Amino acid sequence: MLTRSQVDAYHREGYVKVEHLLSSSEVEELNEDMQWIIDEWWGEDSIGWRGPWREAYLEEDEQLATRAVFISNPHMYSATWSRILFHPGIVGALQDLIGPNIQWHHTVLHGKPPEIGTPFPMHQDYPFYPHDGPDFVDCLIHLDETPLESGALCVVPGSHKQGPIAHITGEHTRPYLPPETYHPDKIDTVPIPAQPGDVIFFSYYTIHWSDVNRTDQWRKSVRIGYHTPETRPVGKASEEPNNNLIVAGTKAHRHEPKLTYR
Ligand SMILES: O=C(O)CCC(=O)C(=O)O
């Protein structure tokens, strides 16, 4: 699926964008069903991630005014979103990056409404779902035109090589990196504008952030996380089942019990 130089770029920089991985008809179908899910289930409208980081990223009058729509696991509501988990282009790219066996972990919509769609502070995805190895890849599927002004993903190239970094965490916030050190004014980041159907593959160790959507159009991206089957959640005993979907290859037995009726 990927060229040698794309695979090398992922390992060197911690991310790679694959253009037009999804066709326009696939994106249209995914977009239509996502809009249906938002309308039919819950168009949950929040300010986005809460936390003191907002003071470092937003003017005072905007700190509580941003808007976001999140939907977890759209495959629970739409077969189109079930099928995408097995998309040959996505799965083939993952196999090139982390090997033949691939396990799905999660899917989540990040919807940034027009004009003041929420920003995300600098962070790694690792503290949101810590696992015990590096072979965890997040895929950001772009459903809309995503110019820089719409709050496109920005990354710190090579930052994945540091492994997990301490984040500010707590009940009052989502994990974020301390703005005194990690802030777009202090660290160079690479913006990755994208077209509908483009997919950015990035390591869950890669530091990234994204700004406010200031356009008059929606910016909807969907993150799907995958890892190798032997990569396990931190803190989960090896005898505990971790039976998320296998989307490519197989999963070796090791210590996990099989799920069965008795
Ligand atoms: O959707 C975005 O712009 C932010 C993505 C992000 O922070 C993430 O996937 O963890």
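First things first, this report covers the structure right here in the doc.

### Here's the deal with the sheet that holds strand 10 (residues 208-210)
Strand order in the open sheet made by the four strands is 5-10-7-8, with antiparallel pairing throughout. Edge positions in the open sheet fall to strand 5 (120-123) and strand 8 (190-191), since each of these has one partner strand only. In terms of strand pairing, strand 7 (residues 153-155) meets strand 10 through three bridges, oriented antiparallel. When the bridges of strand 10 are listed, Cys154 appears paired with Trp209.

### A few points about the pairing of strand 11 (residues 219-227)
Here strand 11 lies mainly inside the structure; eight of its nine residues are buried. Looking at chain direction, strand 4 (residues 102-112) and strand 11 are connected through nine bridges and run antiparallel. Looking at strand 11, one finds that Lys112 is bridged to Arg219. Where strand 6 (residues 136-142) and strand 11 come together, seven bridges link them in antiparallel fashion. Bridge pairing links Phe136 to His227 in strand 11.

### Examining helix 2 (residues 24-40)
In this model helix 2 runs 24 Å from its N-terminal to its C-terminal C-alpha over 17 residues, within 8% of the 24 Å that 1.5 Å per residue would give. Those residues of helix 2 not exposed but buried are Val27, Leu30, Met34 and Ile37. In an axial view of helix 2, the angular spread of the buried residues amounts to 90°, which keeps them on one side of the axis. Projecting away from the buried face of helix 2 at angles above 90 degrees are the exposed residues Ser24, Ser25, Glu32, Asp39 and Glu40. Among the structural elements, strand 3 (68-72), helix 4 (79-83), strand 4 and strand 11 are those in contact with the buried residues of helix 2.

### Focus on the site of the ligand
As a matter of local geometry, the ligand sits amid His110, Phe120, Asp125, Asp138, Gly151, Leu153, His208, Ser210, Ser221 and Arg223. Each residue belonging to the shell around the ligand can be placed in one class, and the counts come to two nonpolar, five polar and three charged.

### Some details on helix 5 (residues 88-98)
Looking only at helix 5, the buried set comprises Ile90, Ala93, Leu94, Leu97 and Ile98. The arc enclosing the buried residues of helix 5, seen along the axis, measures out at 110°, which places them on a common side. Residues of helix 5 that are buried in the fold lie against helix 1 (4-13), strand 1 (15-18), strand 4, strand 6, strand 9 (199-203) and strand 11. Directly beyond the C-terminal end of helix 5, a positive phi value near 115° is found at Gly99.

About the thresholds
- Residues numbered from 1 in each chain as written.
- Predicted model: local features only at pLDDT ≥ 70, side-chain atom pairs only at ≥ 80, totals over all residues.
- Pairing = 2+ DSSP bridges.
- Helix = DSSP H or I, 4+ residues; strand = E, 2+ residues; numbered from the N terminus.
- Buried ≥ 20, exposed ≤ 12 C-beta atoms within 10 Å, placed from the backbone.
- Expected span 1.5 Å × (residues − 1).
- Arc of directions from axis to C-beta.
- Contact = placed C-beta atoms within 7 Å.
- Near = placed C-beta within 6 Å.
- Nonpolar A, V, L, I, M, F, W, Y, C, P; charged D, E, K, R; others polar.

Nothing here speaks to function; it is geometry throughout.
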